[in-house]
Amino acid sequence: MPVEEFVAGWISGAVGLVLGHPFDTVKLLGFFKGMSFPIASIAVVNSVLFGVYSNTLLLLTATSHQERRLQTPSYMHIFLAGCTGGFLQAYCLAPFDLIKVRLQNQTEPRAQLGSPRPRYLGPMHCAASIFREEGPRGLFRGAWTLTLRDTPTVGIYFITYEGLCHQYTPEGQNPSSATVLVAGGFAGIASWVAATPLDVIKSRMQMDGLRRKVYRGVLDCMVSSVRQEGLGVFFRGLTINSARAFPVNAVTFLSYEYLLRWWG
Ligand SMILES: CN(C)C(=N)NCCC[C@H](N)C(=O)O
């Protein structure tokens, strides 16, 4: 099994993360300032995503990353490989994402003299508290919704990327840097537009059970969210998700492509 794709995915995930960090900090109201936790989590998850995608495509089409430029795989194969990558990355992402959402929604300010002690003091403390209070399965709260969110949307991510690269690259050549940047950026936006409705529901499921259980399941969460807030609830965060998605995924794909060309 070729491992370069896992390593390239790891490094490119970390590069994309550095660019996306200001957006995440805005989303997290300045709370989530440290870089070590996001680097550890996003880089691992991105490595799984790109490694599984590329190796599944290799299994389905018997072509390596370089050979695929000469002989473009069918969109069905690209979609299936993307969905497989999305499905597996969702399970790796689940505990990290849960911690991020719990810290993000924490209303108490950071520990300050005289102010009430926040429930979670940081990512490690948050993980340990969830493990203690909700059991090991608690760390995977919302994982099912995350899988529903990521399986098809990662398929869309890779179809958009490969489709745009194919469209703007002469037959048999590698896409130019400009093409990779634009295709990667739009792949990020397309996947986040498709993912935002379930992203909203996923975050609610991850917060559920913290004080008391509100929803009976994903469907119940969807129905009661729409009843209370209207259909607009599904588009919460769409603008910031898309604004973040373009630069993050543009540089993620650029560094991924260049690392593989450099090693290949
Ligand atoms: C849930 N969605 C939209 C995805 N998983 N998309 C594919 C990768 C996105 C990239 N790691 C990012 O953080 O933008």
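Here the residue numbers are simple positions, counted from 1 along each chain's written sequence. Per-residue local features are limited, in this predicted model, to residues with pLDDT of at least 70; the limit for side-chain atom pairs, both in listing and counting, is 80 or more; totals at the level of whole chains, interfaces and linings are taken over all residues. With hydrogens and water set aside, each side-chain value is computed from the structure's full complement of heavy atoms.

Per an unreviewed UniProt entry, the protein carries the name Solute carrier family 25 member 45 and comes from Callithrix jacchus.

## Regarding the UniProt feature "transmembrane region" (unreviewed entry) in the protein
UniProt positions are given in the numbering used here, feature names are shortened, and annotations may be inferred rather than shown by experiment. Mapped onto the present numbering, the UniProt feature "transmembrane region" (unreviewed entry) falls at residues 6–23, 35–54 and 74–94. The secondary structure listing takes helices from DSSP runs of H or I that are at least 4 residues long and strands from runs of E that are at least 2 residues long, numbered from the N terminus. Helix and strand shares over residues 74–94 are 95% and 0% respectively, and the end C-alpha atoms of the span are 30 Å apart.

## As for the site of the ligand
In this text, near means that some heavy atom of the residue lies within 4 Å of the molecule or strand in question. Near the ligand the following residues occur: Gln89, Arg149, Asp150, Thr153, Val154, Tyr157, Ser191, Trp192, Ala195, Arg244 and Asn249. In the environment of the ligand, an oxygen atom lies 3.0 Å from a nitrogen or oxygen atom belonging to the side chain of asparagine 249. Out of a free accessible area of 380 Å², the ligand has 91% covered by protein chains. Mapped onto the shell around the ligand, the elements with two or more residues apiece are helix H6 (143–167), helix H7 (177–207) and helix H9 (238–263). No other element matches the five residues that H6 contributes to the shell around the ligand. Whenever a nitrogen or oxygen atom comes within 3.5 Å of another N or O atom, the pair is scored as a polar contact, on the condition that within protein one atom can donate a hydrogen and the other can accept it, and that pairs from neighbouring residues in sequence are kept only if both atoms are in side chains. Reported accessibility uses the Shrake-Rupley method at a 1.4 Å probe radius. Residues are deemed covered only where the shown protein chains occlude them.

## Concerning the packing of aromatic side chains
Stacked, edge-to-face and tilted are the three classes for Phe, Tyr and Trp ring pairs, Trp counted by its six-membered ring, which pair at centre distances within 6.5 Å; planes under 30 degrees apart are stacked, over 60 edge-to-face, the rest tilted. Across all of its chains, the model carries ten aromatic pairs by this definition. A centroid spacing of 5.4 Å and a plane angle of 70° characterise the contact between phenylalanine 50 and phenylalanine 253, whose relative ring orientation is edge-to-face. Of this pair, phenylalanine 50 sits in helix H2 (residues 36–61) while phenylalanine 253 sits in helix H9, and the two are 203 residues apart along the sequence. Ring geometry for tyrosine 53 against phenylalanine 158: centres 3.6 Å apart, planes inclined by 5°, an arrangement best described as stacked. Pair noted here: tyrosine 53 is in helix H2 and phenylalanine 158 is in helix H6, with a separation of 105 residues, a long-range link. In terms of burial, tyrosine 53 and phenylalanine 158 fall into one category: buried. One aromatic cluster is present, formed by Phe50, Tyr53, Tyr157, Phe158, Tyr161, Phe253 and Tyr256 through successive ring pairs. Exposure classes here rest on a 1.4 Å probe applied to the protein chains alone. A residue is buried below 20% of its type maximum, exposed above 50%, and partly exposed in between.

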